[in-house]
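Fold and geometry: a report
Here is what each chain is made of, one letter per residue.
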Amino acid sequence: MHGPRKTQTRKPAFSRFRNLSREHMNVEFQVHTSWTDGQATALEILQAASERGLAALAFTEHVREDTSWFPEFRDEILSVARSFGHMSVYVGCETKAMADDGRLDVSQDVLDQCDIVLGVVHRLPDGRGGYLDFKQLSYEETAEIEFRLSMGMVRNAPIDILAHPGGMSLRRHGRFPETYFRDLMRATLERRIAIEINSSYLVDMPAFLALCEEVNPIVSIGSDAHRLSELGHCRDQLIELGAGRS
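Cut-offs used in this document
- Residues numbered from 1 in each chain as written.
- Predicted model: local features only at pLDDT ≥ 70, side-chain atom pairs only at ≥ 80, totals over all residues.
- Heavy atoms only, no water.
- Helix = DSSP H or I, 4+ residues; strand = E, 2+ residues; numbered from the N terminus.
- Buried < 20%, exposed > 50% of the residue type's maximum accessible area, 1.4 Å probe, protein only.
- Axes fitted to C-alpha atoms, helices over the stretch in contact; angles between N-to-C directions.
- Parallel < 35°, antiparallel > 145°, perpendicular 65-115°, else oblique.
- Contact = heavy atoms within 4.5 Å.
- Nonpolar A, V, L, I, M, F, W, Y, C, P; charged D, E, K, R; others polar.
- Phe/Tyr/Trp six-rings, centres within 6.5 Å; stacked < 30°, edge-to-face > 60°.
- Lys NZ or Arg CZ within 6 Å of the ring centre and 35° of its normal.
- Right-handed = clockwise from strand over helix to strand, strands pointing away.
- Pairing = 2+ DSSP bridges.
- Arc of directions from axis to C-beta.

Trans peptide bonds make up the majority, and among non-glycine residues the majority have a negative phi. Phi at His164 is positive, roughly 25 degrees, even though this residue is not glycine. Relative to the helices and strands, His164 resides in the loop between β6 (161-162) and α6 (167-173). For His164, a relative accessible area of 2% translates into the label buried. Positive phi values are uncommon outside glycine, yet Asp224 reaches one of about 55 degrees. Relative to the helices and strands, Asp224 is located in the loop between β8 (218-222) and α9 (233-240). Judged by relative accessible area, Asp224 falls into the buried class, the value being 7%.

Put into structure tokens, the structure is as follows:
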């Protein structure tokens, strides 16, 4: 298991859902660049984010335990960000769960360099060093395994955000049990970490927001932006739905 991360001085401040203001929502806390599977450079992303009036942005690149390029990535982000002093810019990563106990596919060195860490479920480990085949699993099996992996991260992993909760079930089956969403929200709140409102994965944003209103978890706003056109999409969708205090 990973140890505690070094103390960070630039961690974003997250809000509980019922306290969300339009200012709190004017952020983008899941962005990918051409360092991995994004379609734009950090400079292009910051230029576009600035044009769209975003106040804060987190670069959360996909990493694995053997990722070696993260120091160069961080240096580039910090260098480019100097020209955008009107925005809060954070360096982070997105890392996937490897076991029910919260073990992550990331090195301690990368964790120590991050302002923000997103924990996700991307694959379903088979317990033997490989992964289960989604095509061989029912909706119920997929959701139950994803829930266990997510809960393991929430309880034990050094993450700041549980990102795209229920995402694998939502992508493959178009649904994720309400009771699982509710339990994850309660667990993240208990540990004082954020659960992500993700406009890329959620198929029923109003229903998810209704659960947020009920449980009142700490939330993070993320579009899972891989293209310039996606920057600020989650913010815009929340505003359209009437979320947040003006």
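As a packed pair, helix α5 (residues 139-156) and helix α7 (residues 178-191) sit with axes 9 Å apart at the nearest point and diverge in direction by 10 degrees. When the axis of α5 is compared with that of α7, the two are roughly parallel. From α5, Ala143, Glu144, Phe147, Ser150, Met151, Met153, Val154, Arg155 and Asn156 reach across to α7, where they touch Tyr180, Asp183, Leu184, Ala187, Thr188 and Arg191. Considering only residue class, the contact of α5 with α7 consists of 8 nonpolar, 3 polar and 4 charged.

Here we take up the packing of aromatic side chains. Counted according to the given criterion, the structure contains 11 aromatic pairs. An aromatic cluster is defined as three or more aromatic residues linked by ring pairs; in this entry it consists of Phe147, Phe176, Tyr180, Phe181 and Phe208. The residue whose ring lies beneath Arg123 is Tyr131, and the NZ or CZ to ring-centre distance is 4.0 Å. Between the NZ or CZ atom of Arg175 and the centre of the ring of Tyr139, over which it lies, the distance is 3.7 Å.

In this section: the environment of Leu57. Mapped onto the elements of the fold, Leu57 is located in strand β3 (residues 56-62). Spatially, the C-alpha atom of Leu57 lies 7.7 Å from that of Gln30, the residues being 27 residues apart in sequence. Among residues more than four places away in sequence, those in contact with Leu57 are Glu28, Phe29, Val31, Ile45, Leu46, Ala49, Met87, Ser88, Val89, Tyr90 and Leu231.

This paragraph deals with the pairing of strand β4 (residues 88-96). By the criterion of burial, β4 is predominantly enclosed, with 8 of the 9 residues buried. Read as a crossover between parallel neighbours, the route from β3 over helix α3 (residues 70-81) to β4 is right-handed.

Taken across its 5 residues, strand β2 (residues 27-31) has 5 buried, putting it largely inside the fold. Where β2 and β3 come together, 3 bridges link them in parallel fashion. If you follow Glu28 over to β3, its bridge partner there is Leu57. For the handedness criterion, the β-α-β arrangement of β2, helix α2 (residues 42-51) and β3 is classed as right-handed.

Right, let's get into the environment of Leu231. Assignment of secondary structure puts Leu231 in the loop between β8 and α9. A C-alpha to C-alpha distance of 8.1 Å links Leu231 and Arg52, two positions 179 residues apart in sequence.

Turning our attention to α9. Restricting attention to buried positions, one finds in α9 the residues Cys234, Arg235 and Leu238. What you see down the axis of α9 is that its buried residues fit within an arc of 100 degrees, all on one side. On the buried face of α9, the contacting elements are α1 (22-25), β7 (194-198), α8 (205-215) and β8. One or two residues past the end of α9 sits Gly242, with phi positive at roughly 80 degrees.

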